[in-house]
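Each chain, letter by letter, is given below.
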Amino acid sequence: MFSAIARIFRTPDLRRKIGFSLGIVALFRLGSFIPAPFVDFGNVQSCLAANQDASGLYELVNLFSGGALLQLSVFALGIMPYITASIIVQLLRVVIPHFETLHKEGASGQGTLTQYTRYLTIALAILQSTTLITVARSGALYGTSASAECSQLLTNDAWYAIMLMVITMTAGTGLIMWMGELITERGIGNGMSLLIFTSIAALFPGSLASIGQQKGLDILMIVIAVGLVVVAAVVFVEQSQRRIPVQYAKRMVGRRTYGGNNTYIPIKVNMAGVVPVIFASSLLYLPALIAQFNQPAAGQAPAAWVTWVTNNLTQGNDPLYMALYFLLIVGFTYFYVAITFNPEEVADNMKKYGGFIPGIRAGRPTAEYLDFVLTRVTLPGALYLGLIALLPLIAFSAIGADQNFPFGGASILIVVGVGLETVKQIDAQLQQRHYEGLLR
């Protein structure tokens, strides 16, 4: 392993790419600590220290921003607007035929879809920054039980100050998007994924230190042991796949013979990745967000539905919350796999190039067989996603660990997935230069 790492840094081109990626990552982390204009940095830090577990509604966005959201920095929104825009554009392929046509056009169509994603990212950044600043002005950013100083996070709340903050945070999102594309083009790995990886991994040391200080060394060791087991399980499942054998008949094109070889269609156990967890979290945050904006005036009793939502849909250790979270993840897993893997399209492409599954007729029977396999392989993948997402909630209830339990949910899925993909890319580039590579 150490010799492989030494070979990486002895290869000039690979060394330059990794150095460039690390430089962009360092700039990204620096921007996460620079406060936006008219933000009282002292009050923000005091509120963060006093309300470490009160991230509540904004936990997911704060996770993807590397803690920048609750610091109201220039990179407060992080990469979340781009993730949301990418998912929306991907889903619109099912609804808008023009998007599906662009997707099938190759590089030209993909470039147009990428441009649409950028425009939508800026629009979502404007919307999310406006919402964030509104919540910060109301004093509810750190929870309803926050101190009085947490309602004085802005030094100036005039219209021009609010507009400048919105422009700054939106520009920060655009800069992050440009940084991610630079890494993809000139660095190593997928730029956006690496920035998300950096944001999440940056919170791990602080979370572990907080658990050690609050709960003691024995609980910290239990958390680390559980983390190692979870990482091993995630790596095993992420690498698992059902390989459907495919044979191609020989065909003559001019004087050349094509086909006649055997291959397979890999159907991963977890084809949906982390998207169902994001969908389920966002949907569960929606009622709590609406309830937060319907809080009664001082001296008045809240509405019955607001009380019910506050009691049942804002606490991660509530049984109803856990049950809904698990069911939503399972449902969204099937939904997302259904729109991203089209058995009929795969069957048509196989038939066009003379491919067939042994024992299955080409055309519609092949599509039905692929759908049959996909439905059954997705079930363990959906259950796995639900259990991994519930892990931090169960840990909080069982051993009293911090609510920001680092080894679970979306965080560990992204960290392991991006880590594996980046290592594979480095390994491929090493093997191109006649080295053994990192993976054996």
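The shown structure was predicted, so the numbers you read here are calculated from the model rather than taken from an experiment.

A. Quick look at the overall build of the chain. A count of helices and strands for the chain gives 17 helices and 5 strands. Counting the 440 residues in the chain, one finds 45% classified as buried. For the chain, the share of sequence-separated contacts (at least 6 apart) that also reach a separation of at least 24 residues comes to 71%. Carbon and sulfur atoms provide 63% of the accessible area of the chain, an area that totals close to 22,000 Å².

B. Examining the side chain of asparagine 156 more closely. The topology assignment puts asparagine 156 in the loop between α7 (107-138) and α8 (159-186). A polar atom in the side chain of asparagine 156 sits 3.0 Å from the backbone nitrogen of alanine 158. Within polar-contact distance, the side chain of asparagine 156 engages the side chain of tyrosine 160 at 3.0 Å.

C. View of the sheet that holds strand β4 (residues 262-268). Reading across the sheet, the 3 strands line up as β4-β1-β5 and stay open at both edges, with antiparallel pairing between neighbours. Taken across any chain shown, the strands that pair with only one partner, and hence form the sheet edges, are β4 and β5 (355-356). In this structure, strand β1 (residues 241-248) lies alongside β5, joined through 2 bridges in antiparallel fashion. Within β5, the position partnered with glutamine 247 by the bridge is phenylalanine 356.

D. Spotlight on the packing of helix α5 (residues 80-95) against helix α14 (residues 319-340). As a packed pair, α5 and α14 sit with axes 10 Å apart at the nearest point and diverge in direction by 65°. Viewed along their axes, α5 and α14 adopt a mutual orientation that is roughly perpendicular. The crossing of α5 and α14 is left-handed. On α14, the residues touching Gln90, Leu91 and Val94 of α5 are Phe335, Tyr336, Ile339 and Thr340.

Conventions used here
Residues numbered from 1 in each chain as written. Predicted model: local features only at pLDDT ≥ 70, side-chain atom pairs only at ≥ 80, totals over all residues. Heavy atoms only, no water. Helix = DSSP H or I, 4+ residues; strand = E, 2+ residues; numbered from the N terminus. Buried < 20%, exposed > 50% of the residue type's maximum accessible area, 1.4 Å probe, protein only. Contact = heavy atoms within 4.5 Å. Areas by Shrake-Rupley, 256 points an atom, 1.4 Å probe, with all protein chains shown as cover. Polar contact = N/O pair within 3.5 Å; in protein donor to acceptor, adjacent residues only side chain to side chain. Pairing = 2+ DSSP bridges. Axes fitted to C-alpha atoms, helices over the stretch in contact; angles between N-to-C directions. Parallel < 35°, antiparallel > 145°, perpendicular 65-115°, else oblique. Left-handed = near helix turned anticlockwise from the far one by under 90°.

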